[in-house]
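Working through the structure, step by step
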Amino acid sequence: MKLTKSHRAYFKAAKAISELSDFPRVKIGCCAVYKHKIVSSGCNSMKTNPTQKRLNVHRFSVDTPHTTHAELACLLPLIGRKDIDFGGVSLYIYREYKSGDLALARPCASCEALIRSLGIRNIYYTGNKSYISEEIIY
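**Structural notes on the layout of surface pockets**
Roughly 480 Å³ of volume is contained in the largest pocket. Forming the boundary of the largest pocket are 24 residues, of which Phe23, Ile28, Asn44, Arg59 and His69 lie nearest the centre. Among the secondary structure elements, those contributing two or more residues to the lining of the largest pocket are β4 (67–68), α3 (70–75) and β5 (89–95). Taken together, the residues of the lining of the largest pocket sort by class into 13 nonpolar, six polar and five charged. Lining the second largest pocket, in full, are Lys15, Ser18, Glu19, Pro24, Arg25, Val26, Lys27, Tyr94, Arg95, Glu96, Tyr97 and Lys98. For the lining of the second largest pocket, a count of residues per class yields four nonpolar, one polar and seven charged.

Right, dumping it as structure tokens:
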């Protein structure tokens, strides 16, 4: 993926958000961009969330801890807003190793189910020492 100046700015914002995470092992940040503006952001957290619990059926066959994922934390404030066309929303998801190298931050099955249910088409995320863009086809 070729990074534009805008992509770099959005990933930089997602990185800053990831640093706010209280999760001990992995810190992930997510920004939602609509009409060239960041409209929401969130990081993974040790706090549990009933929506995350409901979505976790896409990942696990048994009940598991339902700590909040960055994508959910970012998208929850936007759900139900009538002024946003989710087809025009792009997500930027950032994760890095303790060494500072980029790490894979592709949305899990639970988060992908949420992203698809909202109709979001474009997601950008860090990969192992790379940046990746993905368009969801409906």
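**Concerning the packing of aromatic side chains**
Think of a pair of aromatic rings as described by two things: how far the centres are apart, and how the planes are tilted against each other in angle. In total, this model carries four aromatic pairs according to the counting rule given. Geometrically, the ring pair formed by Phe11 and Tyr92 is edge-to-face, given 5.3 Å between the ring centres and 85° between the ring planes. Here Phe11 is found in helix α1 (residues 5–18), whereas its partner Tyr92 is found in strand β5, with 81 residues between them in sequence. Judged by its relative accessible area of 2%, Phe11 is buried. Residue class for Tyr92 comes out buried when judged on its relative accessible area of 4%. Clustering of aromatic rings is evident, with ring pairs tying together Tyr10, Phe11, Tyr92, Tyr124 and Tyr131.

**So, the sheet that holds β5**
The sheet built from five strands is open, its strands ordered β2-β1-β5-β6-β7 with mixed pairing. Each of the sheet's edge strands pairs with one partner strand only, and the pair in question is β2 (37–43) and β7 (130–135). Across the sheet, the axes of successive neighbouring strands diverge by a mean angle of 20°, strand direction being ignored. Here six bridges tie strand β1 (residues 28–34) to β2, and the two strands are oriented antiparallel to one another. Bridged to Ala32 within β2 is Ser40. α1 contacts β1, β2, β5, β6 (122–127) and β7 of the sheet and is inclined by roughly 140° relative to β1.

What counts as what
Residues numbered from 1 in each chain as written. Predicted model: local features only at pLDDT ≥ 70, side-chain atom pairs only at ≥ 80, totals over all residues. Heavy atoms only, no water. 1 Å grid on protein atoms, 1.4 Å probe; cavity = no way out; pocket = protein on both sides within 12 Å on 5 of 7 lines; lining within 4 Å. Points joined across faces, edges and corners; volume = space filled by probe spheres on them. Helix = DSSP H or I, 4+ residues; strand = E, 2+ residues; numbered from the N terminus. Nonpolar A, V, L, I, M, F, W, Y, C, P; charged D, E, K, R; others polar. Phe/Tyr/Trp six-rings, centres within 6.5 Å; stacked < 30°, edge-to-face > 60°. Buried < 20%, exposed > 50% of the residue type's maximum accessible area, 1.4 Å probe, protein only. Pairing = 2+ DSSP bridges. Axes fitted to C-alpha atoms, helices over the stretch in contact; angles between N-to-C directions. Contact = heavy atoms within 4.5 Å.

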